[in-house]
Amino acid sequence: MLGPTRYLLFFFLSLLIAHSYAQAPDILLAQIYHDDILVQEYLVSEKLDGIRAIWDGQQFTSRQGHPIHAPAWFTKDFPPRPLDGELWIGRGQFETLSSTVRQVHPDDAAWRQVAYYVFELPNANGDFAQRAQQIAHIARQAHSPYLKSLPQFRVKDRQVLKKTLDHIVAQRGEGLMLHRADAPYLTGRSHVLLKLKPQLDAEAKVIAHVPGKGKYQGKMGALLVETPAGIQFKLGTGFSDAERAHPPPIGCQVTYTYRDVTKTGKPKFASFLRIRSPE
């Protein structure tokens, strides 16, 4: 039996947890691209290596529901309607972006390098092709250098899609996103939105540090991590010497790349990418 004090503590903690989950926005999440689709039915855009941000008409929140503290001048010309997009600096600039966006007191000079690329209109009518046109119109009307519509385009076949992916990746881009042109506005993880990358990525929680051997004696040899599905595996590649000397702390979330999964669900050729930003 819980005593009165512990019961009240448990009650308020439960309310706090419920509140934090309730604040997470209901947004569309992508599935993995598969070759049996008709690419002509999709609009294609570059997959930005940025930070997902939802504009509610007044402020930004992350996909986890945490506030993003952008300067007032950054959003002063944004429309008073919901938008969904990505804060982005440029290819290969994720660490700089993450450092900028995480700050409670925004750094004006750092934020001047950022722009908000819109790719969806929450709860809007029409199919995605129509919403993409609305987004482009909204961005033009705003006259803000920090509000942009993410370019959407069509490809005629799978070969052109592959060439486009190769070109983006050669320019240090992450990959491509494919959104069914006839899709209504949806939320949750759906096949109307697909991501296409040369490598897949996922996230896992660090649960232990495995000591190194040989040249890594006295350093971290691998991370023991656990996926959201409860699958544990060792993540031992992709680390710099500095990261092995000062490994990601136990309890944090890390992002790793992989090529496929085994029959038991473990990733093949998994490699550490970065500590996940606490968005």
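Small disclaimer: the values here were computed from a predicted structure and weren't measured.

What follows deals with the packing of aromatic side chains. Under the defined criterion, the tally for this structure stands at 15 aromatic pairs. When the centroid spacing of 6.1 Å and the interplanar angle of 65 degrees are considered together, the rings of W73 and F74 count as edge-to-face. When the centroid spacing of 4.6 Å and the interplanar angle of 15 degrees are considered together, the rings of F239 and F272 count as stacked. With F239 in the loop between β13 (232-235) and α7 (241-245) and F272 in strand β17 (residues 271-275), this pair connects stretches of sequence that are 33 residues apart. Each member of the pair, F239 as well as F272, is classed as buried. Following the ring pairs from residue to residue traces out a cluster consisting of W55, F60, W73, F74, F78, W111, Y116 and Y146. The ring of W73 carries the charged tip of R112 above its face, separated from the ring centre by 4.0 Å.

The strand order β5-β4-β3-β6-β7-β8 describes an open sheet built from six strands, whose pairing is mixed. The open sheet has two edge strands with one neighbour each: β5 (67-68) and β8 (147-149). With three bridges connecting them, strand β7 (residues 115-120) and β8 associate as parallel partners. Opposite Y116, over in β8, you have L147 as the bridge partner. The strands that helix α3 (residues 94-101) touches are β3 (51-55), β5 and β6 (83-88); relative to β3, the one it contacts most, it runs at about 40 degrees.

Ranked by size, the top nonpolar core spans 23 residues in total, and within it F60, I68, F74, F78, L87 and Y116 carry the most contacts. Sequence-distant contacts of F74, that is, excluding residues within four places in its chain, are made with F60, L87, W111, V114, A115, Y116, S144 and Y146. Listed in part, the 15 residues of the second largest apolar core include V206, F239, Y256 and A270.

The rules behind these values
Residues numbered from 1 in each chain as written. Predicted model: local features only at pLDDT ≥ 70, side-chain atom pairs only at ≥ 80, totals over all residues. Heavy atoms only, no water. Phe/Tyr/Trp six-rings, centres within 6.5 Å; stacked < 30°, edge-to-face > 60°. Helix = DSSP H or I, 4+ residues; strand = E, 2+ residues; numbered from the N terminus. Buried < 20%, exposed > 50% of the residue type's maximum accessible area, 1.4 Å probe, protein only. Lys NZ or Arg CZ within 6 Å of the ring centre and 35° of its normal. Pairing = 2+ DSSP bridges. Contact = heavy atoms within 4.5 Å. Axes fitted to C-alpha atoms, helices over the stretch in contact; angles between N-to-C directions. Core = buried A, V, L, I, M, F, W, Y, C linked by side-chain atoms within 4.5 Å.

Geometric descriptors of this kind do not, in isolation, establish any biological role.
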